[in-house]
Amino acid sequence: MAKPKPDYFPLIEGRVLEYEDDYAKSGQPPSSKLEILKVTTKGKRTTAQCRWTYDPHDKKPSVYTTSISKDDKWMYGGEGFLPIPLKKLFPIPVVVGKKWRYDRWCYKVADTTTEVFIGEDAGVPMIIKNCLAVGWIFDEGGGEQIYAPGIGL
């Protein structure tokens, strides 16, 4: 029997994902929060209505309503989901090396074995293994988005 493919961004109503910016130069780093408010399925497409909050800690937080959806071919991000114009987040099923474009942005499934260090517990490193890495590049630079299996971005 074939091993089931991991779900790199499960759309679970009520799920809250919180992020902290590692690149802050001083003071408390900015944080973001993604809340999955409502999930609906119509045919092969599942859509999550979300609230994305960006809190710079020194100004009023910015709050956006957005969506995330998936079908049997792609995981999609709605308007305002990320600060980069990423409409197609990654293909389903995930295929390492798969490339796509949006406007002047180029994307590629870079890896499905990325490890992410998320902190320490009693001096023991906590690492999430087998994460999906999607690289992106455009004229001014590039970066990557990491999706943890069973968790999401």
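Our structure is the block above this text.
A brief look at the structure comes next. (Residues numbered from 1 in each chain as written. Predicted model: local features only at pLDDT ≥ 70, side-chain atom pairs only at ≥ 80, totals over all residues. Heavy atoms only, no water.)

## Topic: the pairing of strand E7 (residues 99-102)
Phase 1 of the analysis: Of the pairings in the sheet, the one linking E7 to strand E8 (residues 105-121) comprises four bridges and is antiparallel in character. Each residue of the ladder has a partner; that of Arg101, found in E8, is Cys106.
Phase 2 of the analysis: Taken together, E7 and the strand that follows it, E8, pair antiparallel across an intervening segment of two residues, in which Asp103 is found at a positive phi of about 55 degrees. (Pairing = 2+ DSSP bridges. Helix = DSSP H or I, 4+ residues; strand = E, 2+ residues; numbered from the N terminus.)

## Brief notes about the sheet that holds strand E2 (residues 31-42)
Phase 1 of the analysis: Reading across from one edge, E1-E2-E3-E4-E5-E6 is the order of the six strands in this open sheet, with antiparallel pairing throughout. The two strands at the open ends of the sheet, each matched to only one other strand, are strand E1 (16-20) and strand E6 (88-91). Here the average twist between neighbouring strands, direction ignored, is 20 degrees.
Phase 2 of the analysis: Here strand E4 (residues 62-70) pairs with strand E5 (residues 74-77) via three bridges, running antiparallel. Note that in E5 the partner of Ile68 across the bridge is Gly77. (Axes fitted to C-alpha atoms, helices over the stretch in contact; angles between N-to-C directions.)

## Things to note about the sheet that holds E8
Phase 1 of the analysis: Pairing within the open sheet is antiparallel, and its four strands lie in the order E7-E8-E9-E10. Strands at the two margins of the open sheet, each flanked by one partner only, are E7 and strand E10 (141-147). Each neighbouring strand pair of the sheet contributes to a mean axis angle of 45 degrees, computed without reference to strand direction.

## Quick word on the packing of aromatic side chains
Phase 1 of the analysis: Throughout the structure, instances matching the rule amount to nine aromatic pairs.
Phase 2 of the analysis: For the ring pair Tyr8 and Phe90, a centre distance of 6.3 Å and an interplane angle of 85 degrees mean the geometry is edge-to-face. With a gap of 82 residues between them, Tyr8 in the segment before E1 and Phe90 in strand E6 connect regions that are remote in the sequence. Taken individually, Tyr8 and Phe90 each receive the classification buried, so the pair is uniform in this respect.
Phase 3 of the analysis: On the numbers, 6.0 Å between centres and 35 degrees between planes, the contact of Trp136 with Phe138 is tilted. The pair Trp136 / Phe138 is uniform in exposure class, with both members buried.
Phase 4 of the analysis: An aromatic cluster is defined as three or more aromatic residues linked by ring pairs; in this entry it consists of Tyr8, Phe9, Phe90 and Tyr147. (Phe/Tyr/Trp six-rings, centres within 6.5 Å; stacked < 30°, edge-to-face > 60°. Buried < 20%, exposed > 50% of the residue type's maximum accessible area, 1.4 Å probe, protein only.)

Just distances and angles here, no functional claims.
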